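Descriptive analysis of the structure
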Amino acid sequence: MKKIILSGKSGFIGNNILEELMKSEYLVESVDLRKSKDDLENNYSKKNFDVFIHAAGVHPHRAELSNISTFWKSKELLKKIEPIFANSKKVILISSFVNLINYNEEKISETNKICSTKNDNFYKKSKVLTEKYFKMLNKKFKNELIIIYPCHVIGPNDHKKSPNGLFLINNFKRRVLLYSNVNYPITDVREISNYVKYCIKNDLNSNKKILIDRNLFLLEYFNLLNSYRKKIKFILRVNIRFYYFVHIIFKVLQKLFNLKKNPYPISTYYYLKLNPKVIPQLDNNYKIKYKLEKTVFDTVNYFELL
């Protein structure tokens, strides 16, 4: 029986992975990275695992993406994982598609190299830091490293309402939607769990995988949400400069009224301006199970919006 250890069980993705693995004949243990580094080292320095799944991380809401605390919290988590990483034959990292943005070709692909720029928000920087750290440990301990790149993750069983879940809820309820014609790729949370289980069952070696059904534009997403509503909703297109203009307005309001958060961070404007297209290259005979329409419908249904 394979021994598996999972971090991040209290999060949206980690909890779904845990529930899926518990259905199989695996011995699954979860680790709480909020404990001290010494406690974790004492508990796991002499334990061995077949698979270490790292799903822990900081996923802030849009207004907090540029908050430096996101970066420091992620860095603190990384300081505690080495003893677990060292004693695991295979490591599966749940990363983010933002790490694979190619700024020159304006696309996201599994063949791209991770990089960071001055315009990145601290969420992106924390993801880059995490992946680079895992690759460093991978070179040190010579174990298999599988990196999964989900996009905007939604799905049922979103108990705490993740940022992408709240984005769906808020836009479902609005009468008027403003959008820019940008890409908004979606990953079903159950697809992540399925691929993790597929990697373990088939004993896959080191690889990188983007998990989406297909590339999606924000307008298509809004139209899908609108199709479930009986009331009339207006969907209006705006230029991405409008986002920059609103960002400036809120920046002024921050200074005048001492507001702590700007709901329109400048880093999001740069991402929208780049507008990268996601190009998945799935192989290993893995087939996407959850099609986009089912993912959106099941999420809308879970939040009882119908």
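Here's a quick rundown of the structure.

Thresholds, definitions, all that
Residues numbered from 1 in each chain as written. Predicted model: local features only at pLDDT ≥ 70, side-chain atom pairs only at ≥ 80, totals over all residues. Heavy atoms only, no water. Pairing = 2+ DSSP bridges. Helix = DSSP H or I, 4+ residues; strand = E, 2+ residues; numbered from the N terminus. Axes fitted to C-alpha atoms, helices over the stretch in contact; angles between N-to-C directions. Salt bridge = Lys/Arg side-chain N within 4 Å of Asp/Glu carboxyl O. Buried < 20%, exposed > 50% of the residue type's maximum accessible area, 1.4 Å probe, protein only. Core = buried A, V, L, I, M, F, W, Y, C linked by side-chain atoms within 4.5 Å. Contact = heavy atoms within 4.5 Å. Phe/Tyr/Trp six-rings, centres within 6.5 Å; stacked < 30°, edge-to-face > 60°. Lys NZ or Arg CZ within 6 Å of the ring centre and 35° of its normal.

**Things to note about the sheet that holds strand β5 (residues 101–102)**
Read across the sheet, 3 strands follow the order β5-β6-β13 without closing on themselves; strand pairing throughout is mixed. One side of each edge strand has no neighbouring strand; the edge strands of this open sheet are β5 and β13 (277–279). As defined by bridge partners, strand β6 (residues 107–109) adjoins β13 across 3 bridges and the pair is classed as parallel. Within the sheet, the bridge partner assigned to isoleucine 108 lies in β13 and is valine 278.

**With respect to the sheet that holds strand β7 (residues 144–150)**
Strand order in the open sheet formed by 6 strands is β2-β1-β3-β4-β7-β11, with parallel pairing between adjacent strands. Bordering the open sheet on either side are β2 (27–31) and β11 (207–211), each of which pairs with just one other strand. If you compare each strand with its neighbour and ignore which way they point, the axes differ by 20° on average. Two elements, strand β1 (residues 3–7) and strand β3 (residues 49–54), share 4 bridges in a ladder whose sense is parallel. Residue pairing in the sheet places leucine 6 in a bridge with isoleucine 53 of β3.

**What to know about the pattern of salt bridges**
In total, this model carries 15 salt bridges according to the counting rule given. The salt bridge involving glutamate 76 is made with lysine 79; its shortest N-O contact spans 3.0 Å. The closest approach of N and O atoms between glutamate 131 and lysine 135, which form a salt bridge, is 3.3 Å. Taken together, the residues glutamate 131 and lysine 135, both in helix α5 (residues 122–141) and 4 residues apart, mark about one turn of the helix. Since its relative accessible area comes to 0%, glutamate 131 is described here as buried. Residues participating in the shared-partner salt-bridge network are Asp188, Arg190, Lys294 and Asp298.

**With respect to the nonpolar core**
Formed by 33 residues in total, the largest nonpolar core has its most connected members in Phe52, Ile81, Phe134 and Ile210. Secondary structure elements with two or more residues in this core: α2 (37–44), β3, α3 (68–78), α4 (82–86), β4 (88–94), α5 and β7. Element by element, the count of residues in this core is highest for α5, at 4 residues. Contact partners of phenylalanine 52, with chain neighbours within four places excluded, come to Ile5, Ser7, Ile81, Ile84, Phe85, Ser88, Lys90, Val91, Ile92 and Phe134. By size, the runner-up hydrophobic cluster in this structure holds 28 residues, among which are Val28, Ile92, Ile94 and Ile200.

**Digging into the pairing of β4**
Among the 7 residues of β4, 6 are classified as buried, and the element is accordingly described as predominantly covered. Examined bridge by bridge, β3 and β4 share 5 bridges and lie parallel to one another. If you follow phenylalanine 49 over to β4, its bridge partner there is serine 88. Bridge count between β4 and β7: 5 bridges; the pairing is parallel. Pairing of isoleucine 94 across the sheet is with isoleucine 148, part of β7.

**Quick notes on the packing of aromatic side chains**
Throughout the structure, instances matching the rule amount to 17 aromatic pairs. Judged by centre distance (6.4 Å) and plane angle (25°), the ring pair of phenylalanine 52 and phenylalanine 134 falls under stacked. Placement of phenylalanine 52 in strand β3 and of phenylalanine 134 in helix α5 is noted, with a sequence separation of 82 residues between them. Phenylalanine 52 sits in the buried class, given a relative accessible area of 0%. On the basis of an interplanar angle of 50° and a centroid distance of 5.0 Å, the ring pair of tyrosine 244 and tyrosine 269 is categorised as tilted. A residue pair is termed long-range when its members are at least 10 positions apart, and tyrosine 244 in helix α9 (residues 240–257) and tyrosine 269 in helix α10 (residues 266–274) qualify at 25 residues. Residue classification places tyrosine 244 among the partly exposed residues on the basis of a relative accessible area of 37%. Overall, the relative accessible area of 11% leaves tyrosine 269 in the buried class. Each member of the aromatic cluster is reached from another via a ring pair, and the members are Phe52, Phe85, Phe134 and Phe141. The lysine or arginine in question, arginine 229, covers the ring of phenylalanine 172, its NZ or CZ lying 5.9 Å from the ring centre. Residue placement shows lysine 233 over the ring face of phenylalanine 172; its charged tip is 5.6 Å from the ring centre.

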